[in-house]
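Here's the letter readout for the chains.
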Amino acid sequence: MSYITNIFKEQGCGERISLVAESEGEFAGYVNVLWSSYYDYFRECNIPEVCDFNVLKKYQRRGIGSKLMDNAEEIIREKSRVAGIGVGLFSDYGNAQILYIKRGYIPDGKGIHNGEQYVKHGDSIIVDGDIVLYLKKQLMN
């Protein structure tokens, strides 16, 4: 099943909520809330995950990402006091790393994850988009 087909399926079943941002009538970005995360720790602890967050480069630094995140967190707040999110470790994710920390997300304390398991001391890995540090945030009422 393709990625997009899966998103539509999960949205139709209520497993995911997708939010889309526009700027002056043009597509600017999107974010999803996944009620049951693919990440084991979040799923086991019933922590909804903010995922697939993306703002097109030409629309970054205009507050669009913050508005998408505000809306995603508000939706999560209806069902949970905690939100989770994963972020890549290399420089392509630098803006997201800064945004998440400024928004109050902190590491979950489990270390980095490669999509299948936690990376242990001494492991040799390829640093790509699958290498993620998961963060969580306590949501206020």
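A. The arrangement of the sheet that holds strand β2 (residues 26-34) in detail. Ordered in space as β1-β2-β3-β4-β6-β5, the six strands form an open sheet in which the pairing is mixed. With one partner strand each, in any of the chains shown, β1 (16-23) and β5 (106-113) form the two edges of the open sheet. Shown here is a sheet whose adjacent strand axes are inclined to one another by a mean of 25°, direction ignored. The pairing of β5 with strand β6 (residues 132-138) spans four bridges and is antiparallel.

B. Here's a closer look at the packing of aromatic side chains. In the structure shown here, the tally under the stated rule is ten aromatic pairs. Ring geometry for Phe 27 and Tyr 30: centres 6.2 Å apart, planes at 20°, overall stacked. The partly exposed category is assigned to Phe 27, whose relative accessible area is 41%. With relative accessibility at 28%, the residue Tyr 30 sits in the partly exposed group. For the pair Tyr 39 and Phe 42, a centre-to-centre distance of 4.8 Å together with 85° between the ring planes defines the contact as edge-to-face. Taken together, the ring pairs in this structure connect Tyr 39, Tyr 41, Phe 42, Tyr 118 and Tyr 134 into an aromatic cluster. Looking at Lys 79, its charged tip hangs above the ring of Trp 35, at a distance of 4.3 Å from the centre.

C. How the structure looks around the nonpolar core. Grouped together as the largest cluster of nonpolar side chains are 24 residues, with contacts concentrated most on Val 50, Tyr 100 and Tyr 105. Secondary-structure elements contributing two or more residues to this core are β1, β2, β3 (49-55), α3 (64-77), β4 (82-88) and α4 (94-102). In this view, Val 50 contacts Val 31, Asn 32, Met 69, Ala 72, Ile 76, Gly 84, Ile 85, Gly 86 and Tyr 105; residues no more than four positions away in its chain are not counted. One finds Tyr 39, Ile 47, Val 132 and Tyr 134 within the second-largest nonpolar core, a separate group that totals seven residues.

D. Layout of the pairing of β3. When β2 meets β3, the two strands line up antiparallel, connected through five bridges. For Leu 34, the partnering residue across the bridge sits in β3 and is Glu 49. Of the pairings in the sheet, the one linking β3 to β4 comprises two bridges and is parallel in character. The residue of β4 that forms the bridge with Glu 49 is Gly 84. Remark: the β3/α3/β4 crossover connection has right-handed handedness.

E. Highlighting α3. Its 14 residues give α3 an end-to-end C-alpha distance of 20 Å, which sits within 8% of 20 Å, the value for a rise of 1.5 Å per residue. Of all the residues in α3, the buried ones are Ile 64, Gly 65, Leu 68, Met 69, Ala 72, Glu 73, Ile 75 and Ile 76. For α3, the angular spread of the buried residues around the axis is 165°, confining them to a single face. Tucked inside the fold, the buried residues of α3 contact β1, β2, β3, β4, α4 and β6.

Cut-offs and rules
- Every chain's residues receive numbers from 1 upward, in the order its sequence appears when written.
- Per-residue local features are limited, in this predicted model, to residues with pLDDT of at least 70; the limit for side-chain atom pairs, both in listing and counting, is 80 or more; totals at the level of whole chains, interfaces and linings are taken over all residues.
- Side-chain figures throughout are based on the complete set of non-hydrogen atoms in the structure, without hydrogens or water.
- Being paired, for any two strands, means DSSP has found at least two bridges between them.
- In this text, helices come from DSSP runs of H or I with a minimum length of four residues, and strands from runs of E with a minimum of two, each type numbered from the N-terminal end.
- Between N-to-C directions, angles cover 0 to 180 degrees, with each direction set by a line fitted to C-alpha atoms, over the stretch in contact for helices.
- Aromatic rings from Phe, Tyr and Trp, taking only the six-membered ring of Trp, are treated as a pair when their centres fall within 6.5 Å; an angle between ring planes under 30 degrees marks them as stacked, one over 60 as edge-to-face, and anything in between as tilted.
- Throughout this description, buried means an accessible area under 20% of the type-specific maximum (1.4 Å probe, protein chains only), exposed means over 50%, and partly exposed covers the range between.
- A ring is considered to have a charge above it if a Lys NZ or an Arg CZ atom is located within 6 Å of its centre and within 35 degrees of its normal.
- In this text, buried Ala, Val, Leu, Ile, Met, Phe, Trp, Tyr and Cys residues form a nonpolar core when linked through side-chain atoms within 4.5 Å.
- Contacts are assigned to residue pairs that have any heavy atoms within 4.5 Å of one another.
- We call a crossover right-handed when, viewed with both strands directed away from the observer, the connection leading from the first strand over the helix to the second proceeds clockwise.
- An expected span of 1.5 Å times one less than the residue number is assigned to each helix.
- By construction, the arc corresponds to the directions joining the helix axis to the C-beta atoms.

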